[in-house]
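Spelled out, the chains give:
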Amino acid sequence: MTDFRSARRPAIALAVAIAVVTGITAQRAAMAEPRDGPTERVGPEFREAMHRYAIVDRGDGKVYDLYVDPRTLEVWRSQRRLPDGAIFAIESFAPHADGLREASGHLVRGASENDVHVAVKSTGWGREDVPTSTGLLFGQPTEDGRWRMDGFDPRTGARTPDLDIAECHACHLDRRAEDFILSRGLLDRFARTGAPARITFDCLGREICF
Ligand code: HEC
């Protein structure tokens, strides 16, 4: 029995060593991922694949749905950190043609504007992937990686042409201390209750008024 165990030990050590090396290689491969962008990480199925954590009514009649991926929600809930691979998405809806409201007072939404905005964090993206001068700042690396922002058409997954990424940064930089995610309070509410936070921000467009 003793002989058998000691004979097995080197084999186990070898197996562990191989597993460790394979793990490191896999990690390297993940870090040296191809130069895709945020829109390759989120597709038309985002509504089913992610949690809708908030619904925002705006003073101009627009409604926004905010989404987070399930793993990020879990990490946020237990560690209050937004990990490598975090995905946030926001879909905007035009004002309802007749300006209708629900009995609760919330806005009835019009059609999707078919331009979903996304922010995706990855350790695999370098400085060169965050294109503008503010982008360099926006993309300061942390142990969880950098954010990249983009937009896509939810019907096809096609990238929004000519999106002005510097404009995205201009607003989101405002909350640098909160890792650039503006709706963390709403994410918190969802993490606590499991129900999408429904809120009215009585200012226009995406102006920050909270
Ligand atoms: C005028 C300011 C402004 C601009 C420009 C802007 N955002 Fe935002 N963004 C906001 C606000 C405010 C929220 C929170 C939801 C709300 O109040 O409607 C938000 C929410 C988001 C969210 C959900 C996560 C979060 O931070 O709360 C994503 C993803 C996002 N924006 C991506 C983008 C992208 C991509 C662009 C550029 C194409 C962009 N944003 C441009 C203000 C802005």
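Residues numbered from 1 in each chain as written. Predicted model: local features only at pLDDT ≥ 70, side-chain atom pairs only at ≥ 80, totals over all residues.

### Concerning the pairing of strand E1 (residues 51-58)
Summarising the sheet, E1 and strand E2 (residues 63-68) pair through six bridges and their orientation is antiparallel. The residue bridging aspartate 57 from the neighbouring strand is valine 63, located in E2. For E1 and strand E7 (residues 197-201), the ladder comprises five bridges, and the chain directions are parallel. Along E7, the bridge assignment pairs arginine 58 with phenylalanine 201. (Pairing = 2+ DSSP bridges. Helix = DSSP H or I, 4+ residues; strand = E, 2+ residues; numbered from the N terminus.)

### Overview of the site of the ligand
Residues in contact with the ligand amount to 25 residues; listed here are only the nearest, His117, Met149, Cys168, Cys171 and Ser183. At the level of secondary structure, the elements contributing two or more residues to the shell around the ligand comprise E2, strand E3 (87-95), strand E5 (116-122), strand E6 (146-152) and helix H6 (165-172). Among the elements that take part in the shell around the ligand, H6 stands out by supplying four residues, more than any other. Residue composition of the shell around the ligand, grouped by class: 16 nonpolar, five polar and four charged. (Near = placed C-beta within 6 Å. Nonpolar A, V, L, I, M, F, W, Y, C, P; charged D, E, K, R; others polar.)

### Brief notes about the confidence of the model for the protein
For the protein, per-residue confidence averages 82 on the pLDDT scale, and 77% of positions sit at 70 or higher. Of the regions scoring below 50 in pLDDT, residues 1-8 engages in zero contacts with residues more than four places distant in sequence or in other chains. Between residues 20-34, whose pLDDT stays under 50, and residues either more than four places distant or in other chains, the model counts four contacts. (pLDDT = per-residue confidence, 0-100. Contact = placed C-beta atoms within 7 Å.)

### Quick notes on the environment of aspartate 164
The residue aspartate 164 is located in the loop between E6 and H6 in this model. Separated by 14 residues in sequence, aspartate 164 and aspartate 150 have C-alpha atoms that sit 8.9 Å apart.

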